[in-house]
Amino acid sequence: MPTRVAVVGASGFAGALAAQLVQRHPHLELTAVTARSDVGRRLDHLYPRYRVAMELEAFDPDRVAGSADAAIVGYPHGAAAPVVEDLRRRGLKVVDLSADFRLDRERYERYYQPHEAPALLGQAVYGLPELHRDELRDADLVAAPGCYPTAALLALAPLREVTRDAVVDAKSGVSGAGREATGTTHFVSVDENVSPYGVEGHRHRAELEQELGDGGAITFIPHLLPLDQGLLASCYVTPTHELSAADVRELFRAAYDGEPFVELADTPPGVREVRDTNICRVHATVEPATGRVLAFAAIDNLWKGAAGQALQDLNLMLGLPEEEGLA
């Protein structure tokens, strides 16, 4: 029998895509789609391209628990934690797309706000399979990583032991800000423009600090691009000792050999190469003039940066083939 799955918060960009991915999955059954707004509308009227012909319901934890064994939660930070708590109390496995369970309490409250469900923090597994696959197989609560940290971590993780410091110059399309934020962003302020933001301490820096540990000092600067989907992280690393391009290629080959959703590229990737896929395409080399390691990672911010990775996590949690519904 298929595992029954609800998508809570299906009216957002990532939630709507998650609903489509669950619906077409061979071993999952999409049983409910909920929303905080647009209740009563059909999801395929809101997002025709995803063709999910289900009506958006108001969130009722008992109703969701009665129809589903697992849930993907697509609420923003702060709003997600109480919903996740309600669902976990009723025994559902949960993948949360917000920041609410990605960090330890000290980091979360420093970068975000007082935590709404701190008792659950010890249960949560950070949902980057390439770093935490074994833990994900036993998890009941998974915090899907942010889109920027996903690309940056996959570019930097193989260099963790040889990094003195790193600069992450990351650029994302506007869908990464979410549907509500995107609606307030005037077209003319984004079109034919590139702008940095959060330059004095963006929240996603906390995930890089936590996951890379002592892997050197990190400067993280995000930029907004006039794209709807796509994210590129360009990482400039000062190594602890001299490395050749061949040394770097071997570090990445050893880290990602056999990974189903990481592709090692011979040239720097572009976001169009990974659009509408769960793939992270990575290229790494050494700049001869300075000896710096240059690592580039491209993802689709709604797929590997959000809904696609959530389904990858859910597959692992349910003991299903990791690539199922995504390949």
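First, a word on scope: everything that follows refers to the structure included in this document. Position numbers for residues count from 1 along each chain, tracking the sequence in the order it is written. At least 70 in pLDDT is required for a residue's local features to be given in this predicted model, at least 80 for side-chain atom pairs to be given and counted, and no such filter applies to totals for whole chains, interfaces and linings, which use all residues. The side-chain values count all of the structure's non-hydrogen atoms but skip hydrogen atoms and water molecules.

## Observations regarding the sheet that holds strand 10 (residues 231-239)
Between any two strands, pairing holds if DSSP finds at least two bridges. Secondary structure elements follow DSSP: runs of H or I of four or more residues count as helices, runs of E of two or more count as strands, with numbering from the N terminus. Strand order in the open sheet made by the seven strands is 8-9-7-10-13-12-11, with mixed pairing throughout. Taken across any chain shown, the strands that pair with only one partner, and hence form the sheet edges, are strand 8 (195-196) and strand 11 (262-264). Pairing between strand 12 (residues 280-286) and strand 13 (residues 293-299): six bridges, direction antiparallel. Counted as the bridge partner of His283 is Phe296 from strand 13. The contact criterion used is simple: two residues touch if any of their non-hydrogen atoms lie within 4.5 Å. Each axis is a line fitted through C-alpha atoms, and for a helix only the stretch in contact is used; angles between axes span 0 to 180 degrees, taken between their N-to-C directions. Along the sheet, helix 7 (residues 147-156) contacts strand 7 (163-172), strand 9 (217-224), strand 10, strand 11, strand 12 and strand 13; its crossing angle with strand 10, the most-contacted strand, is approximately 40°.

## A few points about the side chain of Asp300
Looking at the element boundaries, Asp300 is found in the loop between strand 13 and helix 12 (303-317). Exposed residues in this analysis have more than 50% of their type's maximum accessible area, buried residues have under 20%, and partly exposed residues fall in between, with area computed by a 1.4 Å probe over protein chains only. In this tally, Lys and Arg are treated as positive and Asp and Glu as negative; His is ignored, and so are the chain termini. Salt bridge, as used here: a side-chain nitrogen of Lys or Arg that lies within 4 Å of a carboxyl oxygen of Asp or Glu. Buried and unpaired, Asp300 has Arg275 as its nearest opposite-charge partner, separated by 5.1 Å. Separated by 2.7 Å, the side chains of Asp300 and Gln229 make a polar contact. If we ignore the near neighbours within four places in the chain, the residues touching Asp300 are Gln229, Gly230, Val274, Arg275, Asp276, Thr277 and Gly305. In protein, a polar contact requires one atom able to donate a hydrogen and another able to accept it; more generally it is a pair of N or O atoms within 3.5 Å, and residues adjacent in sequence count only if both atoms are side-chain atoms.

## Topic: the sheet that holds strand 6 (residues 141-143)
Within the open sheet, the six strands sit side by side as 2-1-3-4-6-5. Their pairing is parallel. Each having just a single partner strand, strand 2 (28-34) and strand 5 (124-126) make up the two edges of the open sheet. Neighbour-to-neighbour, the strand axes of this sheet turn through a mean angle of 20°, independent of strand direction. Note: strand 1 (residues 3-8) against strand 3 (residues 70-73), four bridges, orientation parallel. Its bridge partner lying in strand 3, Val7 is registered against Ile72. Contacts between helix 6 (residues 129-137) and the sheet are confined to strand 5 and strand 6, with strand 5 contributing the most and set at about 155° to the helix.

## Examining the packing of helix 6 against helix 12
Look at helix 6 against helix 12: their axes get within 9 Å of each other, and the N-to-C directions meet at 35°. At the point where helix 6 passes helix 12, the crossing takes the right-handed sense. Listed contacts from helix 12 to Pro129, Glu130, Arg133, Leu136 and Arg137 of helix 6 are Lys304, Gln309, Gln312, Asp313, Leu316 and Met317. Gly falls in the polar group here, along with every residue not listed as nonpolar (Ala, Val, Leu, Ile, Met, Phe, Trp, Tyr, Cys, Pro) or charged (Asp, Glu, Lys, Arg). Looking at the contact of helix 6 with helix 12, its residues break down into four nonpolar, two polar and five charged. Here a crossing is called left-handed whenever its near helix is offset anticlockwise from the far helix by less than a right angle, and right-handed whenever the offset is clockwise.

## Side note on the packing of aromatic side chains
In summary, the pairing rule links any two rings of Phe, Tyr or Trp, Trp by its six-membered ring, whose centres are within 6.5 Å, and it sorts them by plane angle into stacked for under 30 degrees, edge-to-face for over 60 and tilted for everything else. Counted according to the given criterion, the structure contains five aromatic pairs. Between Phe13 and Tyr47, the aromatic rings sit 6.4 Å apart at their centres with planes inclined by 80°, giving edge-to-face as the arrangement. Placement of the pair is Phe13 in helix 1 (residues 13-24) and Tyr47 in the loop between helix 2 (43-46) and helix 3 (61-67), with a sequence separation of 34 residues. Through a chain of ring-to-ring contacts, three or more aromatic side chains come together here, namely Phe13, Tyr47 and Tyr50.

## Comments concerning the pattern of salt bridges
Counting across every chain of the model gives 26 salt bridges. The partner of Arg105 in a salt bridge is Glu109, and the shortest N-O contact between them spans 3.1 Å. Within this pair, Arg105 and its partner Glu109 are both found in helix 5 (residues 105-111), separated by four residues, close to a single helical turn. The partly exposed category is assigned to Glu109, whose relative accessible area is 31%. Notably, a salt bridge pairs Glu250 with Arg253, separated by 2.7 Å at the nearest N-O pair. Here Glu250 and its partner Arg253 are both found in helix 11 (residues 245-256), three residues apart, which amounts to about one turn of the helix. Of the residues examined, Glu250 reaches a relative accessible area of 40% and is grouped as partly exposed.

## Points about the side chain of Ser98
With respect to the element layout, Ser98 can be found in the loop between strand 4 (93-96) and helix 5. Only 3.0 Å separates the side chain of Ser98 from the backbone nitrogen of Asp100, close enough to count as a polar contact. With near-sequence residues (within four places) excluded, Ser98 lies in contact with Tyr75, Pro76, His77, Ala80 and Ala144.

## Description of the packing of helix 1 against helix 12
One can describe the packing of helix 1 onto helix 12 by two numbers: an axis separation of 9 Å at closest approach and a directional angle of 35°. By crossing handedness, the relation of helix 1 to helix 12 is classed as right-handed. Within the contact between the two elements, helix 1 uses Ala14, Leu17, Ala18, Leu21, Val22 and Arg24 and helix 12 uses Trp303, Ala306, Ala307, Gly308 and Leu311. Along the lines of polarity and charge, the residues of the contact of helix 1 with helix 12 split into nine nonpolar, one polar and one charged.

The analysis is restricted to geometry; functional conclusions fall outside its scope.
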